[in-house]
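An overview of the molecular structure
Read off the chains here:
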Amino acid sequence: MEIKVLKNILSANDQIAERNRGLLDKNNVFTVNIMSSPGAGKTSLILETLKRLKGKTRIGVIEGDVSSSMDAEAVGKEGVPVIQINTGGGCHLDANMVQNALDNIPLPDIDLLFIENVGNLICPAGFALGGHKRAIVSSVPEGDDKPFKYPLMFHEADIVLLNKIDLLPYVKFDLKAFSQAIRSINEKLEIIPISCTTGQGIGEWVSWLRAQMNQR
Ligand code: MG
Ligand code: ZN
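Residues numbered from 1 in each chain as written. Chains lettered and ligands numbered in written order. Predicted model: local features only at pLDDT ≥ 70, side-chain atom pairs only at ≥ 80, totals over all residues. Heavy atoms only, no water.

1. A closer look at helix H7 (residues 175-185)
What counts here: Relative accessibility decides the category of a residue: with a 1.4 Å probe and only protein chains considered, values under 20% of the type maximum give buried, values over 50% give exposed, and everything between is partly exposed. For the purposes of this entry, the term helix denotes a DSSP run of H or I that reaches at least four residues, the term strand denotes a run of E that reaches at least two, and both are numbered from the N terminus. Taken from the helix axis, the directions to the C-beta atoms give the arc we talk about. Any two residues having at least one pair of non-hydrogen atoms within 4.5 Å are treated as being in contact. Counting of polar contacts relies on pairs of N or O atoms within 3.5 Å, with two restrictions inside protein: one atom must be capable of donating a hydrogen and the other of accepting it, and residues adjacent in sequence are counted only when both atoms are side-chain atoms.
The set of residues buried in H7 consists of Phe178, Ala181, Ile182 and Ile185. The arc enclosing the buried residues of H7, seen along the axis, measures out at 95°, which places them on a common side. H7 presents Lys176 and Ser184 as exposed residues on the side facing more than 90 degrees away from its buried surface. Packed against the buried residues of H7 are strand S5 (133-139), helix H5 (146-149), helix H6 (151-156), strand S6 (159-163) and strand S7 (190-193). You can read the cap of H7 off the contacts: a side-chain oxygen lies 3.0 Å from the backbone nitrogen of Lys176, and it is on Asp174.

Right, here's the structure in full:
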C-alpha cells in the first residue's frame, strides 16, 4: 500500500516536471539542476559561472534552501534574477516548488537557468524538476567513495564537477579511484576537476554549458 502511495507522488511530480520542461523549452531556457552534499560548492560554482558569463549569457538562478536566503543574496549581488525557495525543512526540491519559482522569474529574459537544489545526495536524485541536465558538485574533502555511497545520484547525472581540487595535496583523495567508481556506475558521466578558489576547470565547465546550449 505504501509503495503505491509513493508511486502516485512520484508520477504527479513527473507530470509537473514535464510541464516545467515545456515552459522552459517554449522560452528557450536551458536549465541545469545542480545537486551536491552541503558545502561542496554549488553556490560558489554558480557565482564563478556568473562572473565568466556576465554580459555574454543571460542567466537566472533558483536557490533551494532549507531555511536561509544567504545564497540567494550572494547570487543576487551579481545582478541576475534570483528566486529563493525555502523548503521549510524539506530535504529536496520538487517539481511543484520549481513551478512556483518559474512563475516568478522572467523566463523571456534569460537563456540559462541554474536550479541549486538542497544540499543532499539522496532524494534530490529521485525528483525530476523539469530541467535539461543534472550536474553534481562533488568535493575533494568529502572523499573519493561518494559514487559508491550514493549511486543513484551519480547514475542520474550528466556531469560531475569535482570541486576543491586545490586541496588535493592536503587531503587523502584518489582521483583515479573516484573516476573508476563513477565509470562503474555511469559510463557517460563527464567529470571536470575544478576549483572555485583558483578558477581551475571553470573554463572547461563553461565550455560544456555553451556546447549544451548550442546543441539545442
Ligand atoms: Mg549553496
Ligand atoms: Zn528529500
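2. Notes on the sheet that holds S7
Which entries qualify depends on this criterion: Pairing between two strands is assigned when DSSP locates at least 2 bridges connecting them. Axes here refer to lines fitted to C-alpha atoms; in helices the fit is confined to the stretch in contact. Angles between the N-to-C directions go from 0 to 180 degrees.
Read across the sheet, 7 strands follow the order S3-S2-S4-S1-S5-S6-S7 without closing on themselves; strand pairing throughout is parallel. The open sheet has two edge strands with one neighbour each: strand S3 (82-86) and S7. Taking each pair of neighbouring strands and ignoring which way they run, the sheet shows an average axis angle of 20°. Bridge count for S5 against S6 is 5 bridges, and the pairing is parallel. In the sheet register, Ser139 faces S6, and the bridge partner there is Asn163. Here helix H2 (residues 42-53) sits on the sheet in contact with strand S1 (30-36), strand S2 (59-65), strand S4 (112-116), S5 and S6, set at roughly 165° to S4. Contacting S1, S4, S5, S6 and S7, helix H8 (residues 202-214) crosses the sheet at an angle of about 140° to S1.

3. A word on the coordination of the zinc ion (ligand 2)
Here is the rule: Any N, O or S atom lying within 2.8 Å of the metal counts as a donor, with the limit raised to 3.2 Å for Na, K and Ca; because water is left out of the atom set, some sites can appear incomplete.
In this structure, Cys91 (SG), His92 (ND1) and Cys123 (SG) serve as the protein donors to the zinc ion (ligand 2), at separations of 2.0 to 2.2 Å. Its relative accessible area of 17% is what places His92 among the buried residues. Of the residues examined, Cys123 reaches a relative accessible area of 21% and is grouped as partly exposed.

4. A few points about the nonpolar core
How we decide: Throughout this description, the term nonpolar core refers to a set of buried Ala, Val, Leu, Ile, Met, Phe, Trp, Tyr and Cys residues connected via side-chain atoms within 4.5 Å.
Judged by nonpolar contacts, the single largest core of 27 residues is most densely connected at Val32, Leu45, Phe114, Leu161, Trp205 and Leu209. Contributing elements (two or more residues each) for this core: S1, H2, S2, S4, S5, S6 and H8. Ignoring any residue separated from it by four or fewer positions in sequence, one finds Phe114 in contact with Val32, Ile34, Ile46, Thr49, Ile59, Gly60, Val61, Ile62, Trp205 and Leu209.

5. Topic: the side chain of Ser195
As for its placement among the helices and strands, Ser195 is situated in the loop between S7 and H8. Among all residues touching Ser195, those that are not within four sequence positions of it are Asn163, Lys164, Ile165, Asp166, Gln200 and Ile202.

6. A word on the environment of Ser37
Along the chain, Ser37 falls in the loop between S1 and H2. The sequence separation of Ser37 and Ser68 amounts to 31 residues, and the corresponding C-alpha distance is 16 Å. Leave out the neighbours within four places in its chain, and Ser37 touches Lys42, Gly119, Asn120, Leu121 and Glu142.

7. Some points on the coordination of the magnesium ion (ligand 1)
Within the protein, Thr43 (OG1), Asp71 (OD) and Glu116 (OE) serve as the donor atoms for the magnesium ion (ligand 1), at 2.0 to 2.1 Å. In this structure Thr43 comes out as buried when scored by relative accessible area, which is 11%. A relative accessible area of 22% means that Asp71 is categorised as partly exposed.

8. Structural notes on the packing of H2 against H8
Operational definition: In what follows, roughly perpendicular refers to angles from 65 to 115 degrees, roughly parallel to angles under 35, roughly antiparallel to angles over 145, and oblique to any angle outside these ranges. Here the nonpolar group is Ala, Val, Leu, Ile, Met, Phe, Trp, Tyr, Cys and Pro; Asp, Glu, Lys and Arg are the charged ones; every other residue, Gly included, is treated as polar.
Interaxial distance between H2 and H8 falls to 10 Å at its minimum, and their mutual angle equals 75°. Between H2 and H8, the angle is such that the two are roughly perpendicular. Contacts from Leu45, Glu48, Thr49, Arg52 and Leu53 in H2 reach Ile202, Gly203, Trp205, Val206, Leu209 and Arg210 in H8. Its residues assigned to classes, the contact of H2 with H8 shows 6 nonpolar, 2 polar and 3 charged.

9. A short note on the pattern of salt bridges
Side chains that differ in charge, positive against negative, can pair when their charged atoms come close. The condition that has to hold: Salt bridges, as used here, are contacts in which a Lys or Arg side-chain nitrogen is within 4 Å of a carboxyl oxygen on Asp or Glu.
Within the structure shown, the criterion is met by 6 salt bridges. A salt bridge links Glu78 to Lys54; the nearest nitrogen and oxygen atoms lie 3.2 Å apart. Here Lys54 lies in the loop between H2 and S2 and Glu78 lies in the loop between helix H3 (70-76) and S3, a separation of 24 residues in the sequence. The closest approach of N and O atoms between Lys146 and Asp145, which form a salt bridge, is 3.1 Å.

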